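Here is what each chain is made of, one letter per residue.
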Amino acid sequence: MQKGKIRIAIAGIGNCASALIQGIHYYTPERCREGVVGLMHREIGGYLPCDIEVVAAFDVDARKVGTDVHRAIFAKPNCTKIFQADIPDSGVIVKMGQVLDGISEHMADYSEDRTFVRSDAVELTKAEIVAELKRTGAEVLLNYMPVGSEQAARFYAECALEAGLAFVNNMPVFIASDKAFADRFKARNLPIVGDDIKSQVGATITHRVLTDLFAKRGVKLLRTYQLNTGGNTDFLNMKNQARLVSKKTSKTEAVQAVAHKRIEDENIHVGPSDYVPWQNDNKLCFIRMEGHLFGDVPMDIELRLSVEDSPNSAGVVIDMIRCCKLALDNGIGGVLEGPSAYFCKHPPVQYTDDDAYQMTETFIRGNTLKLAVAK
Ligand SMILES: NC(=O)c1ccc[n+]([C@@H]2O[C@H](COP(=O)([O-])OP(=O)(O)OC[C@H]3O[C@@H](n4cnc5c(N)ncnc54)[C@H](O)[C@@H]3O)[C@@H](O)[C@H]2O)c1
């Protein structure tokens, strides 16, 4: 079943947006036919990754605003791996958004190549952003604000509500998991998936799977940590501890949610741990888990994960977008519960990854079938 396009708008043309847009162009119909490496779903509701089209884009960095979005994704300080360099211009120029709290002050202490450079273009008003979303016929807005951008994330969520768009909240400002916000998306019959991407094979899902293993095998998890280092702007931004509160909650609760018994606060440490410039978009994660097994005998596990951070996130966002479109096609609004639990660290309701996977598959199969029957 082949369908039309999915028209998306993006707020924040950083590394994650770069990997996503590269992926849209990498997964051609031919490549999808050949046997798909790196996708959880070749097709969702009849949509292939290449059916996604960026029709509007917003940023605040001088090297991105005013540039074609397909060039902006390769502008500094973006540093993710380039796996699809050959992307024609889109004709979509990145517009100046509203800065609000999007740029942390400590970024000014680093070189221009590493950090954000505020554009001197005039900020668009909310009414102008809403008008742009409507003019371009965008159907889904992706929020890729830096961690700690509480005002900016809520601002773009308000724009989506006002313009009548579905919303994918890729970062840890709580919007899908905030009841008041979720109810407003429901009232407008607009789908929302969030909060905070749980990457394909990232630190969170790996830590959750091992925590679930301990629980299912009767091993008492006494102590655990997850330390992460990276060299992209996401990690640099997170050096500002004041911006980290929601990220720490999102990451810690994702692990706590699958523990047999809640781990005492002093015995669990999950967090972004340091910025190492030469790592660029490579993220290293170190997990240690200490427990007691049969006969109360101690055991421990240590694990090191090395992964390119942004493609790891894009492999999930490519499905979040298509689930939103499937919901729009079926007239479904509000939080998509299964997809939010499967694709995000901080959904409104936490399920085990097995249950969330089943709920997501049921959502996709059921709604695809409904569309086929309606035809
Ligand atoms: N694996 C992953 O990479 C991963 C996983 C989970 C969540 N996330 C989250 O996704 C978000 C985006 O990550 P990233 O690596 O692309 O970050 P990034 O720093 O590369 O990109 C952020 C972009 O937002 C722009 N921006 C800042 N303030 C803005 C504003 N007010 N309006 C418009 N644009 C603004 C910046 O100029 C930059 O281009 C982060 O919050 C990150 O924590 C990423």
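None of these values were measured; they are calculated from a predicted model.

Colleague: Please provide a residue-by-residue account of the UniProt feature "domain: Myo-inositol-1-phosphate synthase GAPDH-like" (unreviewed entry) in the protein, values included.
Modeller: This chain's UniProt record puts "domain: Myo-inositol-1-phosphate synthase GAPDH-like" (unreviewed entry) on residues 202-310. Secondary structure content for residues 202-310 is 30% helix and 39% strand, while the C-alpha to C-alpha distance between its ends is 10 Å.

Colleague: Please give an account of the packing of aromatic side chains that cites residues and values.
Modeller: Applying the stated rule across the entire model yields seven aromatic pairs. With a centroid separation of 4.9 Å and an interplanar angle of 85°, the aromatic rings of Tyr26 and Tyr27 are classed as edge-to-face. On the basis of relative accessibility, which here comes to 25%, the residue Tyr26 falls in the partly exposed class. Its relative accessible area of 11% is what places Tyr27 among the buried residues. Ring geometry for Tyr342 and Phe343: centres 5.4 Å apart, planes at 50°, overall tilted. Each member of the pair, Tyr342 together with Phe343, is buried.

Colleague: Any chance you could break down the site of the ligand for me, citing the residues and the numbers?
Modeller: Taken together, 31 residues form the shell around the ligand, and within it Asp59, Lys64, Gln98, Met145 and Tyr156 come nearest. Contact between the ligand and Val99: a nitrogen atom at 3.1 Å from a main-chain N or O atom of the residue. Met145 has a polar backbone atom sitting 2.7 Å from an oxygen atom of the ligand. Look at the ligand: alone it shows 850 Å² of surface, and the protein chains cover 99% of it. Elements represented by at least two residues in the shell around the ligand include exactly helix H1 (15-26), strand E2 (52-59), helix H5 (150-163), helix H8 (233-237) and helix H10 (309-329). A class-by-class count of the residues in the shell around the ligand yields 14 nonpolar, nine polar and eight charged. Counting only domains with at least three residues in the shell around the ligand, you end up with domain 1 (6-198 + 311-374) and domain 2 (203-309).

Colleague: Can you tell me about the pairing of strand E7 (residues 220-230), naming the residues and giving the values?
Modeller: Two strands pair when backbone bridges link them, and E7 and strand E9 (residues 282-293) are joined in this way by nine bridges, in the antiparallel orientation. What sits directly across from Lys220, in E9, is His292.

Colleague: Before we move on, could you go through helix H12 (residues 353-374) and cite the residues and values that matter?
Modeller: Taking 1.5 Å per residue, 22 residues should reach 32 Å; H12 reaches 31 Å between its end C-alpha atoms and fits that length. Along H12, the positions that sit buried rather than exposed are Asp353, Ala356, Thr360, Glu361, Phe363, Ile364, Asn367, Thr368 and Leu371. Looking straight down H12, one finds its buried side chains confined to an arc of 155°; they lie on one side. With respect to the buried face of H12, the exposed residues turned more than 90 degrees away are Arg365, Leu369 and Val373. Summarising the contacts, the buried residues of H12 are in contact with helix H7 (203-216), H10 and helix H11 (337-343).

Colleague: Which residues make up the pattern of salt bridges, and what values go with them?
Modeller: Across all of its chains, the model carries 28 salt bridges by this definition. Among the salt bridges present, the one from Arg42 reaches Glu43, with a minimum N-O distance of 3.1 Å. For Arg42, a relative accessible area of 32% corresponds to the partly exposed category. With relative accessibility at 28%, the residue Glu43 sits in the partly exposed group. Residues Glu302 and Arg288 are paired through a salt bridge, measuring 2.5 Å at the closest nitrogen-oxygen approach. Placement of Glu302 in strand E10 (residues 297-308) and of Arg288 in strand E9 is noted, with a sequence separation of 14 residues between them. Via salt bridges that share partners, Arg223, Arg288, Glu290, Asp300 and Glu302 belong to a single interconnected network.

The rules we used
- Residues numbered from 1 in each chain as written.
- Predicted model: local features only at pLDDT ≥ 70, side-chain atom pairs only at ≥ 80, totals over all residues.
- Heavy atoms only, no water.
- UniProt positions renumbered as here; feature names shortened; annotations may be inferred.
- Helix = DSSP H or I, 4+ residues; strand = E, 2+ residues; numbered from the N terminus.
- Phe/Tyr/Trp six-rings, centres within 6.5 Å; stacked < 30°, edge-to-face > 60°.
- Buried < 20%, exposed > 50% of the residue type's maximum accessible area, 1.4 Å probe, protein only.
- Near = heavy atom within 4 Å.
- Polar contact = N/O pair within 3.5 Å; in protein donor to acceptor, adjacent residues only side chain to side chain.
- Areas by Shrake-Rupley, 256 points an atom, 1.4 Å probe, with all protein chains shown as cover.
- Nonpolar A, V, L, I, M, F, W, Y, C, P; charged D, E, K, R; others polar.
- Domains from an automatic or database assignment.
- Pairing = 2+ DSSP bridges.
- Expected span 1.5 Å × (residues − 1).
- Arc of directions from axis to C-beta.
- Contact = heavy atoms within 4.5 Å.
- Salt bridge = Lys/Arg side-chain N within 4 Å of Asp/Glu carboxyl O.

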